[in-house]
Amino acid sequence: MQRVFPFFLEAAWITILLSVLTAVLGLICGILGTWARLSRFALLRFIGAAYVSVFRGTPALIQLFILYFGGPQIGIQLDAFEAGVIGLGINAGAYMTETMRGAIISIDKGQIEAARTVGLSRLQTMRYVVLPQAMRLMIRPLGVNINALIKATALVAAISVVELTYTAQRYIGSTYKPFEMFLIAGALYMIIIYVTGQAVAWLDRKARIN
Amino acid sequence: MTDQKPFVDIRHAQKSFGALEVLKDINLQVQKGQIVAIIGPSGSGKSTLLRAINDLDPLTGGEIWLEDKQINKKLPHRQYEKHINLVRQEIGMVFQHFNLFPHLKVRENVTLAPKMLKGLSEAEANKLAEVQLEKVGMLERIDFYPSQLSGGQKQRVAIARALAMNPKVMLFDEATSALDPELVEEVNLVMKKLAEEHMTMIIVTHEMSFAESVCDRVLFMDQGVVVEEGPPDVIFRNPKNDRTKEFLRKHLAGQHP
Ligand SMILES: Nc1ncnc2c1ncn2[C@@H]1O[C@H](COP(=O)(O)OP(=O)(O)O)[C@@H](O)[C@H]1O
Ligand SMILES: [Mg+2]
């Protein structure tokens, strides 16, 4: 038992790295997706809507398999970790797009009208009036998206990234203790998620105060 | 008066929302310094007309001019945005529901646009906010957030925000109808003060006595047309049109014992 701990800690680090990179890529995709969905050009709106429905409408595992196993067939060569980050990031971005868009369109139209009537441009209105208000609204639901994506990193065990879930499975063979192995993995996930949740709650409180 | 060029000139304004024709060939000329009240039943198109003036609800037909500039001229999108942003700086608008920016203090509500659009320094912008808030009697609340104000106070800040851009015309869309009765007067007083300073104003209102006391002219609208217009004493005391009479009878019932 003792000797597996260092491996679990290393695996936890990989899970954290995966989560952070996935969250960053997800946020980037989310911003792009939101921008497309709210564009005044119909084509961009369509692309944004298609992105969201395709990636929310199919299992993340299938998306990962297509990218990792199917990718080489169309000339996309990625190692397992890269495929994990990119696949999960694009997937998370689809959910984040809906979160961000939802927060933005929930801002009262009167706010936009008031900003436009004093002469602010569309961009200035977005930047100084809509986004500051929408940002506060999106912190919590983005936290929910991030919670989901941390748990979704377990999927990359299926393409052999040596993260927590994969590590737990791997040491079942030598220890014959599946119960303990998965319990350790679960506890480590819970710590990561708990800390992240606290960070999100702190951000949310801070945004509410000022 | 009649030989003067109109300051705001609305010619054959027509507006449809899909199949619904909301404004039907409206003509309205407002002279500099004039105060025009628009009254009429709910749904008659008063807000739509007001919102057409600064292009919040673009007309589907007709022209709107401010001095020698056509507001709703046809331009490619980018140029039009530039043009309309400049036009809007010259037209102040006050909404029924105030629409203050809740994430900004009273001060920043007033200074946001002047800072962004007129390049005022922080110090200049602060000075401007103080002057404008003093005018509406809200200087003591300069560092409050909108959520800490009463409805009447919010509306006075909203007026200060509009005035800070030094507009040529002020549009009021039922500025007092979301207020508790005891808060109406403080907003009316601010509007009266603007009237005394000869601000050009177009005021959509349900308050007949206020309209009568401050306006030079009254328009009665019904179903997208101007049914009758004239000086307040004529419209309120001696209307010619039956629809005007009917409307006023209902509306004055509670007001003039
Ligand atoms: N954005 C809109 N889309 C469709 N119909 C609208 C819109 N805005 C106003 N209307 C309709 O136009 C008519 C006039 O509305 P409005 O100008 O708000 O009237 P008023 O301010 O006189 O009460 C109403 O029948 C209203 O339902
Ligand atoms: Mg109205």
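Residues numbered from 1 in each chain as written. Chains lettered and ligands numbered in written order. Predicted model: local features only at pLDDT ≥ 70, side-chain atom pairs only at ≥ 80, totals over all residues. Heavy atoms only, no water.

Right, let's get into the confidence of the model for chain B. Scored by pLDDT, chain B comes out at a mean of 93, with 97% of its residues at no less than 70. Two numbers describe this predicted complex: its pTM, 0.89, and its ipTM, 0.92. (pLDDT = per-residue confidence, 0-100.)

All names here are of chain A. A surface patch of nonpolar side chains, amounting to about 710 Å² of accessible area, comprises W13, I16, V20, V24, I28, L32 and W35. With respect to the helices, strands and loops of the structure, W35 is situated in helix α1 (residues 5–37). By relative accessible area, which is 54% here, W35 ends up exposed. (Patch = residues over 30% accessible without salt bridge, like charges linked within 9 Å, V, L, I, M, F, W, Y side chains within 5 Å. Areas by Shrake-Rupley, 256 points an atom, 1.4 Å probe, with all protein chains shown as cover. Salt bridge = Lys/Arg side-chain N within 4 Å of Asp/Glu carboxyl O. Helix = DSSP H or I, 4+ residues; strand = E, 2+ residues; numbered from the N terminus. Buried < 20%, exposed > 50% of the residue type's maximum accessible area, 1.4 Å probe, protein only.)

In a packed pair of helices, the relevant descriptors are the angle between the two axes and the axis-to-axis distance. Residues and elements named next belong to chain A. Viewed as axis vectors pointing N to C, helix α7 (residues 164–175) and helix α8 (residues 178–209) meet at an angle of 160°, and their least axial separation amounts to 8 Å. On the basis of their axis angle, the class for α7 and α8 is roughly antiparallel. For the crossing formed where α7 meets α8, the hand is right-handed. Contacts from L164, T165, A168, Q169, Y171, I172 and T175 in α7 reach P178, M181, F182, A185, L188, Y189 and I192 in α8. Broken down by class, the residue content of the contact of α7 with α8 amounts to 11 nonpolar, three polar and no charged. (Axes fitted to C-alpha atoms, helices over the stretch in contact; angles between N-to-C directions. Parallel < 35°, antiparallel > 145°, perpendicular 65-115°, else oblique. Left-handed = near helix turned anticlockwise from the far one by under 90°. Contact = heavy atoms within 4.5 Å. Nonpolar A, V, L, I, M, F, W, Y, C, P; charged D, E, K, R; others polar.)

Moving on: the side chain of Q63 of chain A. All names here are of chain A. Its place among the elements puts Q63 in helix α3 (residues 60–70). Classification of Q63 by relative accessible area gives buried; the value is 10%. A distance of 3.0 Å separates a polar side-chain atom of Q63 from the backbone oxygen of F55. In this structure, Q63 is in contact with V54, F55, T58 and N91, ignoring residues within four places of it in sequence. (Polar contact = N/O pair within 3.5 Å; in protein donor to acceptor, adjacent residues only side chain to side chain.)

This part takes up the pattern of salt bridges. Scanning the entire structure with this criterion turns up 23 salt bridges over all chains. For the salt bridge of R140 of chain A with D204 of chain A, the shortest nitrogen-to-oxygen distance reads 2.7 Å. Of this pair, R140 of chain A sits in helix α6 (residues 122–152) while D204 of chain A sits in helix α8, placing them 64 residues apart in sequence. Relative accessible area serves as the criterion here: at 52%, R140 of chain A is assigned to the exposed category. Overall, the relative accessible area of 1% leaves D204 of chain A in the buried class. In this structure, the salt-bridge partner of K115 of chain B is E122 of chain B, at a minimum N-O distance of 3.3 Å.

The next point concerns the nonpolar core. Residue and element names in this part refer to chain B. If you look at the biggest cluster of nonpolar residues, it comprises 49 residues, and the most contacted ones within it are I39, L133, I159, M170, F172, M191 and M201. Looking at which element gives the most residues to this core, the answer is helix α6 (residues 181–196), with seven residues. Setting aside residues up to four positions removed in sequence, M201 forms contacts with Q34, I35, V36, M170, F172, M191, L194 and A195. Of all hydrophobic cores here, the second largest spans 42 residues; its members include V22, L49, L50 and L59. (Core = buried A, V, L, I, M, F, W, Y, C linked by side-chain atoms within 4.5 Å.)

Attention shifts here to the sheet that holds strand β10 (residues 225–230) of chain B. All names here are of chain B. Strand order in the open sheet formed by six strands is β6-β7-β8-β3-β9-β10, with mixed pairing between adjacent strands. Among the strands making up the open sheet, the edge pair consists of β6 (91–94) and β10. Adjacent strand axes in the sheet meet at a mean angle of 15° when their direction is disregarded. (Pairing = 2+ DSSP bridges.)

As enumerated under the stated definition, the model contains five aromatic pairs over all chains in all. Within the aromatic cluster, the residues linked to one another by ring pairs are F65, Y68 and F69 of chain A. Cation over ring: R127 of chain A sits above Y128 of chain A, and NZ or CZ is 4.6 Å from the ring centre. Seen from the ring of F101 of chain B, R161 of chain B lies directly overhead, with NZ or CZ sitting 4.5 Å from the centre. (Phe/Tyr/Trp six-rings, centres within 6.5 Å; stacked < 30°, edge-to-face > 60°. Lys NZ or Arg CZ within 6 Å of the ring centre and 35° of its normal.)

Residue and element names in this part refer to chain B. Taking strand neighbours across the sheet as the criterion, the four strands line up as β2-β1-β4-β5 in an open arrangement whose pairing is antiparallel. Both outer strands of the open sheet, β2 (20–30) and β5 (69–70), are each paired with one neighbouring strand and no more. The pairing of strand β4 (residues 61–66) with β5 spans two bridges and is classified as antiparallel. When the sheet's bridge partners are listed, L66 is paired in β5 with K69.

Let us look at the interface of chain A and chain B. Contacts between chain A and chain B engage 20 residues on the former and 22 residues on the latter. Counting each side, the surface lost to burial between chain A and chain B is near 1900 Å², with a carbon and sulfur contribution of 58%. Counting every contact that joins chain A to chain B gives three salt bridges. Of the charged contacts, one joins R122 of chain A and E81 of chain B as a salt bridge, the two residues approaching to 3.5 Å between their closest N and O atoms. In this structure, the connection of chain A to chain B is made through nine residue pairs in polar contact (both at pLDDT 80 or more). For the side of chain A that touches chain B, the secondary-structure elements that each account for two or more residues are α5 (109–117) and α6 of chain A. Along the lines of polarity and charge, the residues of the side of chain A that touches chain B split into seven nonpolar, seven polar and six charged. (Buried area = accessible area lost by both parts, 1.4 Å probe.)

Residue and element names in this part refer to chain B. As a matter of local geometry, ligand 1 sits amid F17, L20, V22, P41, S42, G43, S44, G45, K46, S47 and T48. A distance of 2.6 Å separates an oxygen atom of ligand 1 from a polar atom in the backbone of G43. In this structure, an oxygen atom belonging to ligand 1 sits 2.8 Å away from a side-chain N or O atom of K46. Across the complex, the protein chains shield 59% of the 560 Å² of accessible surface that ligand 1 would expose by itself. For the shell around ligand 1, the elements supplying multiple residues, two or more each, are β2 and α1 (46–53). If you tally residues by element for the shell around ligand 1, the top one is α1, at three residues. Partitioned by chemical class, the residues of the shell around ligand 1 number four nonpolar, six polar and one charged. (Near = heavy atom within 4 Å.)

Bringing the pairing of strand β3 (residues 35–39) of chain B into the picture now. Residue and element names in this part refer to chain B. Most of β3 is tucked away: five of the five residues are buried. Residue alternation in β3 divides its side chains into two sets, I35, A37 and I39 and V36 and I38, and both sets are buried. Of the strand pairs in this sheet, β3 and strand β8 (residues 200–204) are connected by four bridges, and their pairing is parallel. Across the sheet, the residue bridging to I35 is M201, located in β8. Taken together, the four bridges between β3 and strand β9 (residues 217–222) define a ladder with parallel strand orientation. For I38, the partnering residue across the bridge sits in β9 and is L219.

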